[in-house]
Amino acid sequence: MNKEKEPLVRFTGASLGYGRRAVVTGVDLSVHPGDFLGVLGPNGAGKSTLLKTMLGLIKPVKGRIQLHGSAFGAPRFGYVPQKEKLDVIYPLSVREVAAMGTYRRFELLRRLRGKSHDDLVRQCLKECGAWDLADRRYSDLSGGQRQRVLIARALAAEPELLVLDEPLAGIDVPTQKALLKLFKEFKERRGLTTMMVSHRLQAERDLFTHIAWVADGKADFGPAEKMLAARHITEIFGDDQ
Amino acid sequence: MSALLDMLRPDFLLHHALYGSVVVGFVCPLVGVYFVLRRLIFWGVALPQVSAAGIAFAFMLQGFGFALFAGGEAGEKHLAILGSVVFTVGAILALTWLDQRSQGLSEGRVGTLYALASAAAILFVAWNARGETEMLSLLKGEIVTISESDFHAMLNILLAVCAAMFLFQREFLLVSYDRDMAVTLGRSVLFWDGLLYLLIGVTISLGVMTVGPLVIFGLLVVPPMIALPWARGMKSLSAAASAAGGLSAFAGFYFSYRFDLPLGPLIIAALCGLFALSSLARLAVPHKGR
């Protein structure tokens, strides 16, 4: 944790929602370089609203959100949406889906010369264990394979902050374990700052450096050890965790 | 066979009509793939009708003495194209805005637009002080009478559309496939959607004036449906759909010339024949799933 550095993201007294209707109020949290933030809470509590606000997809109803990337403006996000959000009617190859991560840049001249970012895409697919799927059609893959491809796509964006929206939902247990191992590698080897939305707290709890618990219209934020302390965990997660 | 050889001769009397049909056949599917992939197939029905209403409106204005462009008949056609583009792009923007803001059924709005555009086109023609016959012929697509200058203008504009679809395919794909990702990558969804809609509007407008709204609907939707089961990427989808559209237009023209039958329905028949062949072949070829 690099608290001396400026946070990549800081929410100060923010109310989040749609239009003028706030779903979550009083959000105060920050994500520093190297952090692994778990955004947890029950379904429909406002976790996705928090994520969408941070990504700039919706505006906050109230309060301040500061984004500091290494370049001017917001950090580079590597966004992994819920895999069900992507329409499988598109006849895209795995390579094409992963290459979308490189579409940040316009590069018209490079495009006219027929050059692409094949090396970067290959490296990201390999890192996620999906290189052998490169020529398959994305829609033909299993849920776990799709998730690996979407993570590779996010890495191809060369992110400062990796944002994972329910990455383990609807995936079998062995694949969940493999993905958690992958996230651990990103954290330990790359020092990649990560934010992960989840509606549960199971195996992934060991990854989190910080936790934001979103429930009942409020967001409770703190270091993982404090949030997971026996008394606090019972308060916010109930007795079954 | 002799009809085919006639058509391929450089001095073929209807060569502009042939080339015009084939070019429209090649280009319409390039924008049509986005209708199919965005699941907006009913837009493909409604928008050519809106485009026809725009043409009828422009001609009605001219009937009342309004002339924006000089040059007689050519000026009239320019105004008709302008009317068509304005109506089509306006309708796309209105549908998009309503889809984002309203709770109701999207298909219901598209159906209402189709009914409104059809009724408006008939009324604009009826109010046209210069008679209905020429106007009705234009609304059906008057490819056979296309002049050399109109053909070259159409060719240049459609080539520009092709170039834009090729150059900006990444952006159009990104905002169509994953809008949230596009925003996180700092791309302007509004701008790229707007440019795509403009290209769609121009293609439909020129196409409707060339081969009529029915054929344009067919060319927007059926070729991507033919290509979709076989495609392994956006480039192969666009190329295969475009080839299917161009081939169907050529085949339709051949049968129209050979048997002296109306061109539009024969292009549609050729498209549907290819679609049937593609579907049968898909059933025969085992699908490589997971």
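Above this text sits the structure in question.
Residues numbered from 1 in each chain as written. Chains lettered and ligands numbered in written order. Predicted model: local features only at pLDDT ≥ 70, side-chain atom pairs only at ≥ 80, totals over all residues. Heavy atoms only, no water.

Visitor: How should I be thinking about the packing of aromatic side chains in this particular structure?
Guide: Here the distance between the centres and the angle between the planes together describe a pair of aromatic rings. Within this structure, the stated rule accounts for 16 aromatic pairs over all chains. Where B:Phe124 meets B:Trp127, the ring centres are 6.4 Å apart and the plane angle is 55 degrees; that geometry is what we call tilted. Residue B:Phe124 and its partner B:Trp127 are located together in helix α5 (residues 106-127), separated by three residues, close to a single helical turn. A relative accessible area of 12% places B:Phe124 in the buried class. Ring plane angle 80 degrees and centroid distance 6.3 Å describe the contact between B:Phe168 and B:Phe172, whose orientation is recorded as edge-to-face. The buried category is assigned to B:Phe168, whose relative accessible area is 16%. Connected via pairs of aromatic rings, a cluster forms that spans B:Tyr34, B:Phe168, B:Phe172, B:Phe191 and B:Trp192. The ring of A:Tyr138 carries the charged tip of A:Arg146 above its face, separated from the ring centre by 5.7 Å. (Phe/Tyr/Trp six-rings, centres within 6.5 Å; stacked < 30°, edge-to-face > 60°. Helix = DSSP H or I, 4+ residues; strand = E, 2+ residues; numbered from the N terminus. Buried < 20%, exposed > 50% of the residue type's maximum accessible area, 1.4 Å probe, protein only. Lys NZ or Arg CZ within 6 Å of the ring centre and 35° of its normal.)

Visitor: Honestly, the interface of chain B and chain A in this entry has me stumped. Any pointers?
Guide: Size of an interface, as often reported, equals the accessible area lost when the parts are brought together. Each side of the interface is counted separately: chain B has 32 residues, and chain A has 37 residues. Interface area, chain B with chain A, both sides summed: about 3,200 Å², of which 58% is carbon and sulfur. Here chain B is connected to chain A by three salt bridges. Residue B:Asp180 pairs with A:Lys85 through a salt bridge whose shortest N-O separation is 3.0 Å. The tally of links between chain B and chain A comes to nine residue pairs in polar contact (both at pLDDT 80 or more). Of all the secondary structure elements, the ones that give two or more residues to the side of chain B that touches chain A are α2 (15-37), α8 (169-177), α9 (179-184) and α12 (234-259) of chain B. In terms of residues, the side of chain B that touches chain A owes the most to one element, α8(B), which gives six residues. When the residues that make up the side of chain B that touches chain A are grouped by side-chain class, the tally is 16 nonpolar, five polar and eleven charged. (Contact = heavy atoms within 4.5 Å. Buried area = accessible area lost by both parts, 1.4 Å probe. Salt bridge = Lys/Arg side-chain N within 4 Å of Asp/Glu carboxyl O. Polar contact = N/O pair within 3.5 Å; in protein donor to acceptor, adjacent residues only side chain to side chain. Nonpolar A, V, L, I, M, F, W, Y, C, P; charged D, E, K, R; others polar.)

Visitor: Where do I start with the layout of surface pockets in this structure?
Guide: A water-sized probe, rolled over the atoms, reveals where empty space remains. Residue and element names in this part refer to chain B. In this model, the largest pocket occupies a volume close to 970 Å³. Together, 28 residues line the largest pocket, and Thr-96, Asp-99, Gln-100, Arg-179 and Asp-193 are the ones closest to its centre. For the lining of the largest pocket, the secondary structure elements donating two or more residues are α4 (73-101), α8, α9 and α10 (189-211). Broken down by element, the lining of the largest pocket gets its largest block of residues, six residues, from α4. (1 Å grid on protein atoms, 1.4 Å probe; cavity = no way out; pocket = protein on both sides within 12 Å on 5 of 7 lines; lining within 4 Å. Points joined across faces, edges and corners; volume = space filled by probe spheres on them.)

Visitor: How do you make sense of the packing of α10(B) against helix α11 (residues 213-227) of chain B when you look at a structure like this?
Guide: Relative orientation and spacing of two packed helices are given, respectively, by the angle between their axes and the distance between those axes. All names here are of chain B. Where α10 contacts α11, the axes come no closer than 7 Å and their chain directions differ by 130 degrees. By the angle class used here, α10 and α11 are oblique. The hand of the α10/α11 crossing is right-handed. Contacts between α10 and α11 involve Ile-204, Gly-207, Val-208 and Val-211 from the former and Pro-213, Val-215, Ile-216 and Leu-220 from the latter. Along the lines of polarity and charge, the residues of the contact of α10 with α11 split into seven nonpolar, one polar and no charged. (Axes fitted to C-alpha atoms, helices over the stretch in contact; angles between N-to-C directions. Parallel < 35°, antiparallel > 145°, perpendicular 65-115°, else oblique. Left-handed = near helix turned anticlockwise from the far one by under 90°.)

Visitor: In this structure, what is going on with the packing of helix α4 (residues 118-127) of chain A against helix α5 (residues 143-156) of chain A? I would like to understand it.
Guide: Residues and elements named next belong to chain A. At a minimum axis distance of 8 Å, the contact between α4 and α5 shows a crossing angle of 135 degrees. Considered as vectors, α4 and α5 are oriented oblique to each other. Crossing of α4 against α5: the hand is right-handed. Contacts from Leu-120, Cys-124, Leu-125 and Glu-127 in α4 reach Ala-152, Leu-155 and Ala-156 in α5.

Visitor: Where do I start with the pairing of strand β7 (residues 193-198) of chain A in this structure?
Guide: Consecutive residues of a regular strand have side chains that alternate between opposite faces of the sheet. All names here are of chain A. Of all six residues in β7, six are buried; the element is thus mostly enclosed. Side chains Thr-193, Met-195 and Val-197 of β7 all project onto a buried face; the interleaved residues Thr-194, Met-196 and Ser-198 project onto the opposite face, where all are buried too. Pairing between strand β3 (residues 36-40) and β7: five bridges, direction parallel. Among the inter-strand pairings, Phe-36 is bridged to a residue of β7, identified as Thr-194. In this view, the connection linking strand β6 (residues 161-165) to its parallel neighbour β7 by way of helix α6 (residues 173-190) has right-handed handedness. (Pairing = 2+ DSSP bridges. Right-handed = clockwise from strand over helix to strand, strands pointing away.)

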